[in-house]
Amino acid sequence: SAALIPRFRSAAEGRPDVFFAALARNADVLISDAPDPRIAARIPAWYREAVAARAFLVLPLGADGQPRGLIYADGGADAALTLPPPVLRLLRGLRDLATTATARD
């Protein structure tokens, strides 16, 4: 995962892809079928080459109108990403805590 961190940083650079959209809008994104042609066009090449997960979740961390990072999870190359509502609530709570911790005073 450490090798992917610099690649995820490119999402903040304004490239029109699903990661940039999540960060720019501070919106949670759950992709359940990344190979779908309607979605695949918004998935960056570096991601398809390095990860190629079929399903993934992006929870952006934004504060002061600026992206600070993101929480990312995937289901692997061929697996679905199934997150029961209680687990998703816990992940969003973790994101909220991380966002608060990175906010500037």
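Provided above is the structure to which this section pertains.
What comes next concerns the included structure. (Residues numbered from 1 in each chain as written. Predicted model: local features only at pLDDT ≥ 70, side-chain atom pairs only at ≥ 80, totals over all residues. Heavy atoms only, no water.)

### What about the packing of aromatic side chains?
Here is step 1: Tallying each qualifying case throughout the model produces 7 aromatic pairs.
Here is step 2: Both rings, one in Trp-46 and one in Tyr-47, keep their centres 5.9 Å apart while their planes meet at 85°; by these two values the pair is edge-to-face. Each member of the pair, Trp-46 together with Tyr-47, is buried.
Here is step 3: On the numbers, 5.0 Å between centres and 50° between planes, the contact of Tyr-47 with Phe-56 is tilted. For the pair shown, Tyr-47 and Phe-56 are each scored as buried.
Here is step 4: A network of ring pairs unites the aromatic residues Phe-19, Trp-46, Tyr-47, Phe-56 and Tyr-72 as a single cluster. (Phe/Tyr/Trp six-rings, centres within 6.5 Å; stacked < 30°, edge-to-face > 60°. Buried < 20%, exposed > 50% of the residue type's maximum accessible area, 1.4 Å probe, protein only.)

### Re helix 2 (residues 18-25)
Here is step 1: Taken as a whole, helix 2 has its buried residues at Val-18, Phe-19, Ala-21, Ala-22 and Leu-23.
Here is step 2: The distance from a side-chain oxygen at the start of helix 2 to the backbone nitrogen of Phe-19 is 2.9 Å, and the residue carrying that oxygen is Asp-17.
Here is step 3: At the C-terminal side of helix 2, Asn-26 shows a positive phi close to 50°. (Helix = DSSP H or I, 4+ residues; strand = E, 2+ residues; numbered from the N terminus. Polar contact = N/O pair within 3.5 Å; in protein donor to acceptor, adjacent residues only side chain to side chain.)

### Re the environment of Glu-49
Here is step 1: Structurally, Glu-49 is set in helix 4 (residues 45-50).
Here is step 2: Note on Glu-49: relative accessible area 67%, which makes it exposed.
Here is step 3: Distance from Glu-49 to Val-87, taken between C-alpha atoms, is 28 Å for residues 38 residues apart in sequence.

### Observations concerning helix 5 (residues 85-102)
Here is step 1: Compared with an ideal rise of 1.5 Å per residue, which puts 18 residues at 26 Å, helix 5 spans 26 Å between its outermost C-alpha atoms and is within 8% of the ideal.
Here is step 2: Its buried side turned inward, helix 5 meets strand 2 (56-63) and strand 3 (66-74). (Expected span 1.5 Å × (residues − 1). Contact = heavy atoms within 4.5 Å.)

### With respect to the sheet that holds strand 2
Here is step 1: If you trace the 3 strands from one edge of the open sheet to the other, you get 1-2-3, paired in antiparallel fashion. The open sheet has two edge strands with one neighbour each: strand 1 (29-31) and strand 3. Taking each pair of neighbouring strands and ignoring which way they run, the sheet shows an average axis angle of 15°.
Here is step 2: Pairing analysis gives 8 bridges linking strand 2 to strand 3, with the strands arranged antiparallel. Among the inter-strand pairings, Leu-59 is bridged to a residue of strand 3, identified as Ile-71.
Here is step 3: Against the sheet, helix 2 contacts strand 1, strand 2 and strand 3, and its axis sits at roughly 35° relative to strand 2.
Here is step 4: Against the sheet, helix 5 touches strand 2 and strand 3, its axis set at about 30° to strand 2. (Pairing = 2+ DSSP bridges. Axes fitted to C-alpha atoms, helices over the stretch in contact; angles between N-to-C directions.)

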